[in-house]
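# Chain and residue survey
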Amino acid sequence: MKRVLTIQDISCLGKCSLTVALPLISSMGVEAVILPTAVLSTHTMFKGFTVKDLADQIVPITEHWKKEGVKFDAICTGYLGTEDEIDMVKQIFRDFRTENNLIFVDPAMGDNGKLYPAFDEHYAKKNAELCAFADVIVPNITEAAYMTGTEYRDSYDEAYVKDLLQKLAALGAKTVVLTGVSLSEGKTGVMGLDSATGEYFSYQNDRIPKSYHGTGDIFSSVAAGALMNGLSLADSMKLAADYTARTIAVTMENPSDPWYGVDFETTIPYLVKTLEEMKQA
Ligand code: PXL
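So, a few notes on the structure that sits alongside this text.

Let us now look at the overall build of the protein. A tally of regular secondary structure across the protein gives nine helices and 11 strands. Taking 2.2 N^0.38 as the reference for a compact globule, 281 residues should give roughly 19 Å; the C-alpha atoms of the protein span a radius of gyration of 17 Å, in line with that estimate. Across its three principal directions, the C-alpha atoms of the protein cover 50 × 45 × 40 Å. Each of the 281 residues in the protein was classed as buried or not, and the buried ones make up 52%. Residue pairs at least 24 apart in sequence account for 65% of intrachain contacts in the protein once pairs closer than 6 positions are excluded.

This is how it looks when you write it as structure tokens:
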């Protein structure tokens, strides 16, 4: 069984980061090892959240794993609360990198043109440094704009997206995938660039005119889980985009508690079934 290390916070309530990564990666038949960087009462879009930083646990935990000779098939990162944690994660990449494993970075730090409350531009540049270590990065347009010092635009054309992708590739990541990319009216999806071949790819779904918290984390977890199941990069992104879109649609059918995130639990059977079909195709 493949083993993924996922490094991000635990937001006790609010369906994001580890509380979605763990069930989704497990449901895809992949072992999920977690490294919680902080415990928060909720994610940071709630007012008055509590936070206990766990940075002082990162080195003792990973030193123990080193002594045990633990190896990971992938190391995935999401929301990291502080710049110090980003430095610690860089060290984890150096320590646990093997010839074949995958480093997958989701520089989760903002949306809709704004950084989340805990972050500033300096933090964004620090996250750009982390991307240099990665095989795959999956920022949204906001995160890409902050990391590359590009103006954020609500409406844009393919040339703007390609420019962002080129600038992201120049950060050093092998494959860059921009999420939340709308290439035509009423559509949304991903556009990526393989920096080795210079090839672009894109995948679009119908756009559902509602946004929910945590969907970026859901996308990343499924994309990483799909790659661990041997799907190609393009198929992995397609599955992640389809699963996220379907989950948003299902959530909208039942409009109770939308601020807790999406009903991803309801769509896990769809995920497992579709993954199996794609593996057999
Ligand atoms: O979904 C990203 C995320 C993860 N973790 C925490 C957050 C957020 C987004 O706001 O606040 C703590």
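After presenting the structure, the write-up continues.
What follows covers the packing of aromatic side chains. Counted according to the given criterion, the structure contains seven aromatic pairs. Ring geometry for F72 against F96: centres 5.4 Å apart, planes inclined by 55°, an arrangement best described as tilted. With F72 in the loop between α2 (55-68) and β4 (74-77) and F96 in helix α3 (residues 83-96), the pair connects residues that are 24 residues apart, well separated along the chain. The two residues F72 and F96 agree in class, both being buried. Geometrically, the ring pair formed by F93 and F133 is tilted, given 5.9 Å between the ring centres and 45° between the ring planes. Highlighted residues: F93 in helix α3 and F133 in the loop between α4 (121-131) and β8 (136-137), separated in sequence by 40 residues. Exposure remark for F133: the relative accessible area of 26% places this residue in the partly exposed category. One aromatic cluster is present, built from ring pairs that chain together Y79, Y116, F119 and Y123.

Right, let's talk about the sheet that holds β8 for a bit. The nine strands are arranged β3-β2-β1-β4-β5-β8-β9-β10-β11 in an open sheet whose pairing can be described as mixed. Edge positions in the sheet fall to β3 (51-53) and β11 (199-206), since each of these pairs with one other strand and no more. Relative to strand β10 (residues 187-194), strand β9 (residues 175-181) runs antiparallel, the two sharing five bridges. Each bridged residue has a counterpart across the sheet, and for V176 the counterpart in β10 is L193.

What follows covers the site of the ligand. Taken together, D9, S11, C16, S17, L40, H43, T44, M45, Y79, Y116, H213 and D217 form the complete shell of residues around the ligand. Interatomic distance of 2.8 Å between a side-chain N/O atom of D9 and a nitrogen atom of the ligand. Taking T44, its side chain carries an N or O atom lying 2.6 Å from an oxygen atom of the ligand. Compared with its free state, where it exposes 320 Å², the ligand has 99% of that area covered by protein.

Attention now moves to the side chain of T142. Considering the arrangement of structural elements, one finds T142 in helix α5 (residues 141-148). When its relative accessible area of 2% is taken as the criterion, T142 is described as buried. Here T142 is in contact with G110, D111, N112, G113, K114 and Y152, once residues within four sequence places are set aside.

Looking at the element boundaries, L130 is found in helix α4. Once you skip the residues sitting within four places of it in the chain, L130 turns out to touch T77, L80, I86, V89, K90, F93 and V105.

Further remarks concern the pattern of salt bridges. Where side chains of opposite charge bring their charged atoms close, a pairing between them can arise. Per the stated rule, a full pass over the model turns up 16 salt bridges. Between D87 and K90 there is a salt bridge, with its nearest N and O atoms 3.6 Å apart. Of the two residues, D87 and K90 both sit in helix α3, three residues apart, roughly one turn of that helix. Note that K126 is salt-bridged to D87, the shortest N-O span being 3.1 Å. With K126 in helix α4 and D87 in helix α3, this residue pair connects regions lying 39 residues apart in the sequence. Through salt bridges with shared partners, a single ionic network connects D87, K90, K126 and E129.

Rules and cut-offs
Residues numbered from 1 in each chain as written. Predicted model: local features only at pLDDT ≥ 70, side-chain atom pairs only at ≥ 80, totals over all residues. Heavy atoms only, no water. Helix = DSSP H or I, 4+ residues; strand = E, 2+ residues; numbered from the N terminus. Rg over C-alpha atoms; globule rule 2.2 N^0.38 Å. Buried < 20%, exposed > 50% of the residue type's maximum accessible area, 1.4 Å probe, protein only. Contact = heavy atoms within 4.5 Å. Phe/Tyr/Trp six-rings, centres within 6.5 Å; stacked < 30°, edge-to-face > 60°. Pairing = 2+ DSSP bridges. Near = heavy atom within 4 Å. Polar contact = N/O pair within 3.5 Å; in protein donor to acceptor, adjacent residues only side chain to side chain. Areas by Shrake-Rupley, 256 points an atom, 1.4 Å probe, with all protein chains shown as cover. Salt bridge = Lys/Arg side-chain N within 4 Å of Asp/Glu carboxyl O.

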